[in-house]
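# Topology and contacts: notes
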Amino acid sequence: MKIAQVAPLYESVPPPAYGGTERVVSYLTEALVQMGHEVTLFASGDSVTSANLVPVVPRGLRLDPARRDPVVWHTIMMDMVLKDAASFDVIHFHTDVLHLPLVGRCPTPCVSTAHGRLDLPDLEPLFRRFPQQPMVSISDSQRSPLPWLNWRRTVHHGLPLGLYSFHPQPQDYFVFVGRISPEKRLDRAIEIARACGTPLRVAAKVDPADRAYFTSTIEPLLDDPLVTYLGEIGDAGKNDLIGHARALLMPIDWPEPFGLVMIEALACGTPVIAWRHGAVPEVIDDGVTGFIVHSLEQAIDAARGIADISRQRCRETFERRFSARVMARHYLDVYRELTTAAVAA
């Protein structure tokens with residue numbers, strides 16, 4: 001198939017460090033190419049891909065002070081995609097909602113993956129305007145605020161099999177990876193580590209919007225001798241950091257649409273301790289690949305008993321359910337359904 005992947009322009013594909021959507025687009029794109037499909041990737045020019053790259057801007061917007069307005073550059077990209085639409089069998093958008101007014105006029109079948117939370121109040125009137133756009137959710141939980149949308153499938157994220165290696169023997173520390181923000185609850189992770197007397201290594205970025213929260217709430221907690229703050233790291237650093245941890249702590253306090261870090265941990269053989277929010281129960285098998293908890297007390301008990309979880313089972317679950325190739329196969333099913341329907345029409 002001739003497939004267009006349309007990525008956000010905030011980060012390169014893949015990003016050098018943090019960036020969930022762009023990483024998933026990269027893994028999907030590369031898997032599709034390896035499976036023999038002709039893929040064109042619309043993205044920033046510093047992206048690295050085996051697909052045909054159409055560079056919209058020289059580098060990801062987050063690191064480019066010369067291009068301050070993301071709406072401008074995403075609008076230009078949409079025009080580029082639509083002008084070339086006849087070249088593709090299907091166009092796959094990963095750009096939030098920016099493309100919605102345009103796809104109804106596109107002669108090529110289009111599908112959108114929702115990568116973020118959908119319970120925000122402004123989204124219902126927006127999607128009421130475009131109820132026929134074919135959509136893919138990244139978890140069943142994610143779609144619950146808007147069940148009436150034209151959902152074609154839930155496709156869980158996947159990672160390349162060789163991206164992370166299996167670590168059968170952990171070292172004596174827990175790990176927290178991701179963003180430092182109120183809903184991610186690093187403060188809970190620090191409490192768990194303190195209660196267990198176990199070191200905690202924190203690899204996380206702080207967005208400008210969360211800087212005040214970090215300074216007032218989290219920074220004072222980092223003085224604890226059990227806590228080591230590492231800042232933002234990339235895939236190479238995460239392999240060893242997550243892989244050598246006794247457990248990944250994910251004490252979230254929000255409806256997580258998926259949680260890519262959970263399958264990163266499973267790929268390393270590292271079990272996960274997470275609060276029951278959002279997609280957590282769809283990714284983690286309670287008592288098998290980690291523990292799903294409701295309270296700090298349960299989390300502390302789970303952390304103390306984490307050695308009961310088989311690290312080999314964690315890796316096996318990742319390979320069976322969360323590889324990039326599995327993800328690509330599910331998306332191909334969606335693409336074929338859309339192209340078949342377009343021919344029939």
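Residues numbered from 1 in each chain as written. Predicted model: local features only at pLDDT ≥ 70, side-chain atom pairs only at ≥ 80, totals over all residues. Heavy atoms only, no water.

Looking only at helices and strands, the protein features twelve helices and 13 strands. The buried share among the 345 residues of the protein stands at 54%. Here the contacts in the protein between residues at least 6 apart in sequence split such that 65% fall between residues at least 24 apart. Surface accessibility of the protein: about 14,400 Å² in total, with carbon and sulfur atoms responsible for 51%. For the protein, the centre of its 34 positive side-chain charges and the centre of its 40 negative side-chain charges are spaced 3 Å apart. (Helix = DSSP H or I, 4+ residues; strand = E, 2+ residues; numbered from the N terminus. Buried < 20%, exposed > 50% of the residue type's maximum accessible area, 1.4 Å probe, protein only. Contact = heavy atoms within 4.5 Å. Areas by Shrake-Rupley, 256 points an atom, 1.4 Å probe, with all protein chains shown as cover. Lys, Arg positive; Asp, Glu negative; His and termini not counted. Charge placed at Lys NZ, Arg CZ, Asp CG, Glu CD.)

Our next topic: the environment of T270. Among the secondary structure elements, T270 is positioned in the loop between helix 8 (260-268) and strand 12 (272-275). Ignoring any residue separated from it by four or fewer positions in sequence, one finds T270 in contact with I242, G243, A245, R246, A247, L248, A265, R311 and C314. Within the structure, T270 has its side chain in polar contact with the backbone oxygen of I242 (distance 2.7 Å). In terms of polar contacts, T270 uses its side chain to reach the side chain of R311, at 3.1 Å. (Polar contact = N/O pair within 3.5 Å; in protein donor to acceptor, adjacent residues only side chain to side chain.)

The next thing to look at is the sheet that holds strand 13 (residues 290-293). With parallel pairing, the six strands of this open sheet are ordered in space as 10-9-8-11-12-13. Each edge of the sheet is formed by a strand with only one pairing partner; in this case those strands are strand 10 (227-231) and strand 13. The mean angle between the axes of side-by-side strands here comes to 20°, regardless of whether they run parallel or antiparallel. As judged from the four bridges shared by strand 12 and strand 13, these two strands associate in the parallel manner. When the bridges of strand 13 are listed, I273 appears paired with F291. Contacting strand 8 (174-179), strand 9 (200-205) and strand 10, helix 7 (residues 235-243) runs over the sheet at an angle of about 145° to strand 8. Sitting on the sheet, helix 8 is in contact with strand 8, strand 11 (247-250) and strand 12, with an inclination near 170° to strand 11. (Pairing = 2+ DSSP bridges. Axes fitted to C-alpha atoms, helices over the stretch in contact; angles between N-to-C directions.)

Applying the stated criterion across every chain yields a total of zero disulfides. Cysteine C110 is unpaired, with the sulfur of C106 as its nearest cysteine sulfur at 3.7 Å. The exposure class assigned to C110 is buried, which follows from its relative accessible area of 7%. In this structure C196 is a free cysteine whose sulfur lies 17 Å from that of C314, the closest cysteine sulfur available. (Disulfide = S-S within 2.5 Å.)

With that out of the way, let us pick up the sheet that holds strand 2 (residues 38-43). With parallel pairing, the seven strands of this open sheet are ordered in space as 3-2-1-4-5-6-7. The sheet is open, and its two edges are formed by strand 3 (52-55) and strand 7 (151-154), each paired on a single side. Across the sheet, the axes of successive neighbouring strands diverge by a mean angle of 20°, strand direction being ignored. Bridge analysis of strand 2 against strand 3 gives four bridges, and the strand direction is parallel. Across the sheet, A43 pairs through a bridge with P55, a residue of strand 3.

Relative to the elements of secondary structure, S323 occurs in the loop between helix 11 (311-321) and helix 12 (324-344). The class of S323 is buried, set by a relative accessible area of 5%. Here V326 takes part through its backbone nitrogen, which lies 3.1 Å from a polar atom of the side chain of S323. S323 has contacts with G158, L159, L161 and F318, leaving out every residue within four places of it along the chain.

A few words on the packing of helix 7 against helix 8. Two numbers describe how helix 7 lies on helix 8: the axes approach to 9 Å, and their chain directions differ by 70°. Between helix 7 and helix 8, the angle is such that the two are roughly perpendicular. Two packed elements cross with a definite hand, and for helix 7 against helix 8 that hand is right-handed. Facing helix 7, whose interface residues are K238, N239, I242 and G243, helix 8 presents V261, E264, A265 and C268. Across the contact of helix 7 with helix 8, the residue classes tally to four nonpolar, two polar and two charged. (Parallel < 35°, antiparallel > 145°, perpendicular 65-115°, else oblique. Left-handed = near helix turned anticlockwise from the far one by under 90°. Nonpolar A, V, L, I, M, F, W, Y, C, P; charged D, E, K, R; others polar.)

To continue, consider unusual backbone geometry. The amide bond that connects V13 to the next residue, P14, takes the cis arrangement and shows omega of 0°. Among the structural elements, P14 can be located in the loop between strand 1 (2-6) and helix 1 (20-34). The phi angle at D96 is positive, at roughly 60°, despite the residue not being glycine. Turning to its location among the elements, D96 is positioned in the loop between strand 4 (90-93) and helix 3 (100-103). In the Ramachandran plot, R185 falls in the positive-phi region, its phi being about 60° despite a non-glycine side chain. When you line up the elements, R185 lands in the loop between strand 8 and helix 5 (186-196).

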